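Descriptive structure summary
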Amino acid sequence: MSRTIGFEYRGDRRGGRTPFEIFLQYTDEKEKSAAVLGRILSRLIRRNGMAFLDIGSGNGTYLRSTLEKVKSPKKTTITLLEPSDDLVEKLRDTAKFFPRNTVAKVVHSSFEDFTTDAQFEIVLASHVPLAKDDPASLPAIYSRMLGLLKPNGSLIVVLRGKDDIHWFRTTFKSCIMGIDYKSLTIGDAEQVFKKISSQLPLRLKKFSTQANALLPYPDNMEDVIAIVEFLLNIKWEEIPTAIRDSVLGYIRDKHGRLRQIDSFLVVKRVCHQEGY
């Protein structure tokens, strides 16, 4: 895999655009996902003064779009956790344009290194690679997230379902790495929380939305290659030629259309009977 960690989020030869930003140009997933998450938060943010932790905020645009869709917004304090040197600067800029009813605090740290005495009504973990795609580490990670919740607080986990992107990553990363690579899905998270619920009272609700990534194959191969780099977390020139041919063959056979499923698992730590 690429030795340039996090290159997918850095501007490069493509006019300063990052592979991640190029990918976003060709999908409506984030817009549809933000609409669903906005409806979830509309139910959870019920009063002024609630505390919200966003783990792995990225550049902040996803959460900003989500907050703009929250109905009857209340005053909320949001802690934005982001480990990337490159993304945290963009996050600070984006946070300035969050809705006026929010107070945002940016913390430049990974979740593993994050320490706090605070607790939160809401914790969000959206597409955060905390487990490094190792399901065995999920119970400890999710238990720690649950421990950050106030009584009757809610953890929202956003992960991909078993869609075309999941197949693409699982198949071609396995080829590149020479091992049976496992890309985590919402189903993996759900199994972990069901096991945790045998010892801790939890209430689970699941939601999902579908979208499409429409890759510009074969009209704009430079952008197609950038998207492949983002999805596989490796630079194109580092991918063996035979695997490159297989990747492009798959994209050709799909006519550039990759189905996406964004899924949401809302996990409430139940301390007494209270409506969702």
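Residues numbered from 1 in each chain as written. Predicted model: local features only at pLDDT ≥ 70, side-chain atom pairs only at ≥ 80, totals over all residues. Heavy atoms only, no water.

**Observations concerning the confidence of the model for the protein chain**
Residues with a pLDDT of 70 or more make up 92% of the protein chain, whose mean pLDDT is 92. Taken as a whole, residues 1-5 scores under 50 in pLDDT and shows 16 contacts with residues more than four places along the chain or in a different chain. (pLDDT = per-residue confidence, 0-100. Contact = heavy atoms within 4.5 Å.)

**Quick notes on the packing of aromatic side chains**
Throughout the structure, instances matching the rule amount to 8 aromatic pairs. Relative to Tyr 250, the ring of Phe 168 lies with its centre 5.9 Å away and its plane at 50 degrees, an arrangement referred to as tilted. Residue Phe 168 is located in helix H6 (residues 164-177), and its partner Tyr 250 is located in helix H9 (residues 241-253); the two are separated by 82 residues in the primary sequence. By relative accessible area, which is 1% here, Phe 168 ends up buried. Consider the rings of Phe 172 and Tyr 250, whose centres lie 6.2 Å apart with planes at 65 degrees: the pair is edge-to-face. You can see Phe 172 sitting in helix H6 and its partner Tyr 250 sitting in helix H9, a full 78 residues away along the chain. By relative accessible area, which is 5% here, Phe 172 ends up buried. For Tyr 250, a relative accessible area of 13% translates into the label buried. Three or more aromatic residues joined by ring pairs form one cluster here, namely Trp 167, Phe 168, Phe 172 and Tyr 250. The cationic tip of Lys 30 hangs over the ring face of Tyr 62; the distance from NZ or CZ to the ring centre is 4.8 Å. Its end group placed over the ring of Phe 111, Arg 144 keeps NZ or CZ at 4.2 Å from the ring centre. (Phe/Tyr/Trp six-rings, centres within 6.5 Å; stacked < 30°, edge-to-face > 60°. Helix = DSSP H or I, 4+ residues; strand = E, 2+ residues; numbered from the N terminus. Buried < 20%, exposed > 50% of the residue type's maximum accessible area, 1.4 Å probe, protein only. Lys NZ or Arg CZ within 6 Å of the ring centre and 35° of its normal.)

**Concerning H9**
Over its 13 residues, H9 runs 18 Å from end to end, which matches the ideal 18 Å to within 8%, given 1.5 Å per residue. In this fold, the buried residues of H9 make contact with H6, helix H8 (221-232) and strand E7 (257-269). (Expected span 1.5 Å × (residues − 1).)

**Points about empty space enclosed by the protein**
This model, assessed by the stated rule, comprises 1 cavity of 30 Å³ or more. Taken as a whole, the largest cavity holds about 60 Å³ of empty space. Lining the largest cavity, in full, are Ile 45, Leu 67, Val 70, Pro 73, Lys 74, Thr 76, Asn 101 and Thr 102. Residues of the lining of the largest cavity, tallied by class, amount to 4 nonpolar, 3 polar and 1 charged. (1 Å grid on protein atoms, 1.4 Å probe; cavity = no way out; pocket = protein on both sides within 12 Å on 5 of 7 lines; lining within 4 Å. Points joined across faces, edges and corners; volume = space filled by probe spheres on them. Nonpolar A, V, L, I, M, F, W, Y, C, P; charged D, E, K, R; others polar.)

**Observations concerning the nonpolar core**
Grouped together as the largest cluster of nonpolar side chains are 30 residues, with contacts concentrated most on Tyr 142, Met 145, Leu 155 and Phe 193. Contributing elements (two or more residues each) for this core: strand E1 (50-55), strand E4 (120-126), helix H5 (138-147), strand E5 (149-160), helix H7 (186-196) and E7. Those residues in contact with Met 145 that sit more than four places away from it in its chain are Ile 55, Phe 111, Val 123, Ala 125, Leu 130 and Leu 155. Counting 27 residues, the second-largest nonpolar core is a separate cluster that includes Ile 176, Ala 213, Leu 232 and Ile 239. (Core = buried A, V, L, I, M, F, W, Y, C linked by side-chain atoms within 4.5 Å.)

**Regarding the pattern of salt bridges**
Applying the stated criterion across every chain yields a total of 15 salt bridges. With its nearest N and O atoms 2.9 Å apart, the salt bridge here joins Lys 206 to Glu 190. Note that Lys 206 is positioned in strand E6 (residues 202-214) and Glu 190 in helix H7, a separation of 16 residues in sequence. The exposure class of Lys 206 is partly exposed, given its relative accessible area of 45%. Overlapping salt bridges bring together Glu 29, Arg 160 and Asp 163 as one network. (Salt bridge = Lys/Arg side-chain N within 4 Å of Asp/Glu carboxyl O.)

**Quick word on the side chain of Ser 33**
As for its position among the elements, Ser 33 is in helix H2 (residues 29-44). Residue Ser 33 is classed as buried on the basis of its relative accessible area, which comes to 0%. Side-chain polar atoms of Ser 33 contact the side chain of Asp 262, separated by 2.7 Å. With residues near it in sequence (within four places) discarded, Ser 33 still touches Tyr 62, Thr 209, Asp 262 and Phe 264. (Polar contact = N/O pair within 3.5 Å; in protein donor to acceptor, adjacent residues only side chain to side chain.)

**Some points on the pairing of E7**
Counting buried positions along E7 yields 10 of 13 residues, so the element is predominantly enclosed. For E5 and E7, the ladder comprises 7 bridges, and the chain directions are antiparallel. Pairing of Ser 154 across the sheet is with Lys 268, part of E7. Strand direction decides the pairing type here: E6 and E7, joined by 13 bridges, are antiparallel. Residue pairing for E7: Leu 204 is matched across the bridge by Val 267. (Pairing = 2+ DSSP bridges.)

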